[in-house]
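# An overview of the molecular structure
Chain by chain, the residues run as shown.
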Amino acid sequence: MSAVTLSYENGTLRVDGDASGIPLVEEDPRSGVARAPAYRYAALRDLLSQRAGGFEDRVLDLPDLDLTTDYDLRAYQRDALDAWRDAGKRGVLELPTGSGKTVVAIAAMVELGVPTLVVVPTVDLLDQWARELEAEFGVPVGRFGGGEQRAEAVTVSTYDSAYLKAEDVGDDFGFVVFDEVHHLGGEGYRDVARLLAAPFRLGLTATFERPDGAHEVVEELVGSVAYRASVDDLAGEHLAAYDIKRVEVELTDEERERYEEAQGTFVDYLRSSGLSLTSGSDYQKLVMRSGSDPRAREALLAKQRARDVMMNADRKVEELARILDRHRGDRVIVFTAHTDLVYRLSERFLLPAITSETGAKERREILSRFREGRYSRVVAANVLDEGVDVPDANVAVVLSGSGSEREFTQRLGRVLRPKEGNSESPTGRALLYELVSAETAEERVADRRR
DNA sequence: TTGACTCAACATCCTTTGCTACAA
DNA sequence: TTGTAGGTTTCCATGTTGAGTCA
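By the naming in an unreviewed UniProt entry, chain A goes by DNA 3'-5' helicase and is assigned to Halobium salinum. The UniProt entry for chain A carries the following text under Sequence similarities (unreviewed entry): "Belongs to the helicase family. RAD25/XPB subfamily."

In this section: the pairing of strand β12 (residues 200-205). β12 sits mainly inside the fold: five of its six residues count as buried. Direction of pairing for strand β6 (residues 90-94) relative to β12: parallel, over a ladder of five bridges. Within β12, the residue paired with Glu94 across the bridge is Thr205. Relative to β12, strand β11 (residues 175-179) runs parallel, the two being bridged by five bridges. By the bridge assignment for β12, Asp179 is matched with Leu204. Between β11 and its parallel partner β12, the chain crosses via helix α6 (residues 190-195), and the hand of that crossover is right-handed.

The geometry of helix α9 (residues 253-273) relative to helix α11 (residues 294-311) is characterised by a closest axis approach of 8 Å and an angle of 145° between their N-to-C directions. Between α9 and α11 the crossing geometry is left-handed. Facing α9, whose interface residues are Glu255, Arg258, Tyr259, Glu261, Ala262, Gln263, Thr265, Phe266, Tyr269 and Ser272, α11 presents Arg295, Ala296, Glu298, Ala299, Ala302, Lys303, Arg305, Ala306, Val309 and Met310. In terms of residue class, the contact of α9 with α11 is built from 10 nonpolar, three polar and seven charged.

Turning our eyes to something else, we now look at the domain arrangement of chain A. Here chain A is described as being made up of domain 1 (4-58), domain 2 (75-229), domain 3 (242-250 + 313-449) and domain 4 (253-311). Computed over C-alpha atoms, the centres of domain 1 and domain 3 are 51 Å apart.

Turning next to the pattern of salt bridges. Evaluation of the coordinates by the stated rule reveals 30 salt bridges. Between Arg14 and Asp16 there is a salt bridge whose closest N-O contact spans 3.0 Å. Across the pair Arg369 and Glu365 runs a salt bridge whose closest N-O atoms are separated by 3.2 Å. Taken as a pair, Arg369 and Glu365 lie in helix α14 (residues 360-372) at a separation of four residues, close to a single helical turn. A residue is classified by how much of its surface remains accessible, and Arg369, at 26% relative accessible area, is partly exposed. Connected through shared salt-bridge partners, Glu9, Arg14, Asp16 and Arg35 make up one network.

What follows covers the packing of aromatic side chains. Two aromatic rings, taken as a pair, are described by how far apart their centres are and by the angle between their planes. Following the criterion strictly, the structure yields three aromatic pairs and no others. Ring geometry for Trp84 versus Phe175: centroids 5.6 Å apart, planes at 45°, classification tilted. With Trp84 in helix α2 (residues 75-86) and Phe175 in strand β11, this residue pair connects regions lying 91 residues apart in the sequence. Given the relative accessible area of 1%, Trp84 is considered buried. These aromatic residues form a ring-pair network of at least three members: Tyr159, Phe178 and Tyr189. It is Lys89 that lies over the ring of Phe200; its NZ or CZ is 5.9 Å from the centre.

A positive phi angle is found at Asn10, which is not glycine, with a value near 45°. As for its placement among the helices and strands, Asn10 is situated in the loop between β1 (4-9) and β2 (12-16). Residue classification places Asn10 among the exposed positions, given a relative accessible area of 55%. The backbone of Leu24 shows a phi angle near 75°, a positive value even though the residue is not glycine. Structurally, Leu24 can be placed in the loop between β2 and β3 (26-27). In this structure Leu24 comes out as partly exposed when scored by relative accessible area, which is 32%.

Conventions and cut-offs
Residues numbered from 1 in each chain as written. Chains lettered and ligands numbered in written order. Predicted model: local features only at pLDDT ≥ 70, side-chain atom pairs only at ≥ 80, totals over all residues. Heavy atoms only, no water. UniProt positions renumbered as here; feature names shortened; annotations may be inferred. Buried < 20%, exposed > 50% of the residue type's maximum accessible area, 1.4 Å probe, protein only. Helix = DSSP H or I, 4+ residues; strand = E, 2+ residues; numbered from the N terminus. Pairing = 2+ DSSP bridges. Right-handed = clockwise from strand over helix to strand, strands pointing away. Axes fitted to C-alpha atoms, helices over the stretch in contact; angles between N-to-C directions. Left-handed = near helix turned anticlockwise from the far one by under 90°. Contact = heavy atoms within 4.5 Å. Nonpolar A, V, L, I, M, F, W, Y, C, P; charged D, E, K, R; others polar. Domains from an automatic or database assignment. Salt bridge = Lys/Arg side-chain N within 4 Å of Asp/Glu carboxyl O. Phe/Tyr/Trp six-rings, centres within 6.5 Å; stacked < 30°, edge-to-face > 60°. Lys NZ or Arg CZ within 6 Å of the ring centre and 35° of its normal.

Right, here's the structure in full:
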């Protein structure tokens, strides 16, 4: 058995020498070159080191980094770091929004002392991470994304840019941190993790599981969940204690009529077509059918109308008026599912509004005024759910939302940050109102997300 | 450099029963 | 006998984002 040489080539590991019988390695039938996916590097290295004949490793040639940090980890952060280390320096930490996931990643970087790539979903987060890493380590931090393509030993990238660059830089980093790692389950994004050779991997998220089951892919690429702390584990001590109040509102007669008509059309179609909806994938079937079947299309459009009615019910707006009145002295974020409603509320209550149509500059301005206390309320569609540094609030009002557990957790997280400089005793409890239209499908939707 | 635009990707979208094949 | 898991192939609508292009 002759010695084997491992090297990195365009997002794969090239295996030269006698590669027969090595698990994970397959021969490319056209070129005859034996290869393994780059993300298998750690596993392959372990396998080969136990094999007679030894092997030559030319995959990574990385400088040592001397990184230090002043952070003192909290007990749960230390536990999380320990758990990740015990898992072989691979795996996911599931920690709530506001619990200091970044700090744990920084501690891991210090411990490893190797070039590191941090991958994040938005340009906003890219800026935040880069600023924080620059301040902490006092080294220049590279950026892939937001119009920049500059590599450094410590680099932050968006998922999109990482996808475009992964083949080129796949052997430049020994450690990769995936922030909001649930995104990695996306069909395209998963390639980012596949093309990198980095043996050490850390995923951070508040909600690991995906309704489509793709978290299993993430487990394969990054590792399993090594440590998990829920909002309830940390509430009261490191996060604000909270209450959730569900308020049911009745549809007006006119809304009820429109709702029943539309919902009826949808349900009738299901019954007559023999379709049963037991899961999200069944719904997908219906969507596909609607491409060719006009009745299926009409059923879906009717469902859309029913959703509009229940989510934007008039009495929710009236209820919001009462809530805003009750919380005059509080900092309130109002969440909706539709942009139309955002603008309606903005006009009626004179609330600063943020949707995907709001430009970056205006958005920054609103959030900074909210931070400074010049605004005490904002209304937003889904924009503030994730990936934005949203200032502290203590009351959230969910006027409408999806059945997504992730969306709900993120929205709740927006009010749970302990008050600044006083993390020992957050001033009062945080409060989340959930407005639900009575006797509509929204009751089920609201149950699902909890 | 900025802003407006397009494009592609991602995420959610869900009813209350009942058929079939296969494993325990 | 009794549970229980179970596959299709592109895609009705809305919201959001990043990258790329062009003026």
